[in-house]
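Residue-level structural notes
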Amino acid sequence: NDINAIKAVLDKSYKFEKIITVSNANKKQIFNAFKELSNLSTDNDYVLIYYSGHGEKAGKNTRYWIPINASKDNRRNWINIEDVTVYFEGDETRNPEIPSTHLALLVDSCWFGVKGSSNVNNRKLAINKLLRNRAAIVMASGQDEYVDEPGIGNSDFAEVIIKELENTNKAVRLYDVYNKVFDELGNLDQTPIYRTMNKWNHNNGDFIFIPKS
């Protein structure tokens, strides 16, 4: 429900050239989608990835996404989060497998943990300045913890994102969306996060949702 609702609002109101949806996917289908995105993306692109699904942990520091063909007692088909985030890491000798100018990874699952910075130094920058600076952002519905699961309809996390994107015809900062998420999920046990990812070459930008009109 979440990915379909968010796809609908992006299709209708925002400038995205290509939207890839992978519903109720197994591990192979998810990685095939990452490969497709890698083939499509360039250094000049804005890349948004949204994961809505189960998460799990093993050991002290290893965290996973759980595709539809995974079993609870066998990690063979689980997806290690580090096998996903490696797509966004480059260095002096090579570009990331999924290149971008602005990158946002939005995650609505339990037990999601990444090491990034919670410091936001661009709160007062104008949209045009944010667009000129590289952005690599993670926003998640919770930290390394359980998060509430939706019953019928959309999760609380997705509901806020959809509402914020539907109710305006102006450019929208991801950081402003996060502030709404943080406020409206404040009565839940989980704590949403917004992290700037220096190891993905974040450079003081923000992900901007640019309207069609």
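Further up the page is the structure itself.
The rules behind these values
- Residues numbered from 1 in each chain as written.
- Predicted model: local features only at pLDDT ≥ 70, side-chain atom pairs only at ≥ 80, totals over all residues.
- Heavy atoms only, no water.
- Salt bridge = Lys/Arg side-chain N within 4 Å of Asp/Glu carboxyl O.
- Helix = DSSP H or I, 4+ residues; strand = E, 2+ residues; numbered from the N terminus.
- Buried < 20%, exposed > 50% of the residue type's maximum accessible area, 1.4 Å probe, protein only.
- Pairing = 2+ DSSP bridges.
- Polar contact = N/O pair within 3.5 Å; in protein donor to acceptor, adjacent residues only side chain to side chain.
- Axes fitted to C-alpha atoms, helices over the stretch in contact; angles between N-to-C directions.
- Contact = heavy atoms within 4.5 Å.

1. Topic: the pattern of salt bridges
A side chain with one charge can pair with a side chain of the opposite charge if their charged atoms come near. This structure, assessed with the given rule, holds five salt bridges. For aspartate 11, the salt bridge identified is with lysine 7, shortest N-O distance 2.7 Å. Taken together, the residues aspartate 11 and lysine 7, both in helix 1 (residues 2-13) and four residues apart, mark about one turn of the helix. Residue classification places lysine 7 among the partly exposed residues on the basis of a relative accessible area of 26%. Residues aspartate 144 and arginine 63 are paired through a salt bridge, measuring 2.7 Å at the closest nitrogen-oxygen approach. Here aspartate 144, found in the loop between strand 6 (135-140) and helix 5 (156-166), pairs with arginine 63, found in strand 3 (residues 62-66); they are 81 residues apart in sequence, far enough to count as distant. A relative accessible area of 36% means that aspartate 144 is categorised as partly exposed. The class of arginine 63 is buried, set by a relative accessible area of 8%.

2. Considerations on the pairing of strand 8 (residues 193-196)
Along strand 8, one buried face is formed by Ile193 and Arg195 and the opposite face, lined by Tyr194 and Thr196, is buried too. In terms of strand pairing, strand 6 meets strand 8 through four bridges, oriented antiparallel. By the bridge assignment, isoleucine 137 is partnered in strand 8 with threonine 196.

3. Considerations on the environment of aspartate 2
Position of aspartate 2 relative to the elements: it lies in helix 1. The class for aspartate 2 is buried, based on a relative accessible area of 6%. With 106 residues separating them in the primary sequence, aspartate 2 and aspartate 108 have C-alpha atoms 9.5 Å apart. In terms of polar contacts, aspartate 2 uses its side chain to reach the side chain of asparagine 154, at 2.9 Å. Within the structure, aspartate 2 has its side chain in polar contact with the backbone nitrogen of serine 155 (distance 3.2 Å).

4. Examining the sheet that holds strand 6
Here we have four strands laid out as an open sheet, ordered 1-5-6-8, and mixed in their pairing. Of all the strands in the sheet, just strand 1 (46-52) and strand 8 have a single pairing partner and so form its edges. Between one strand axis and the next, the sheet turns by 10° as a mean value, whatever way the strands run. Pairing geometry for strand 1 and strand 5 (residues 102-108), over seven bridges, is parallel. Bridged to valine 47 within strand 5 is leucine 103. The strands touched by helix 5 are strand 1, strand 5 and strand 6; relative to strand 5, the strand with the most contacts, the crossing angle is about 140°.

Read these as geometric descriptors, not functional statements.
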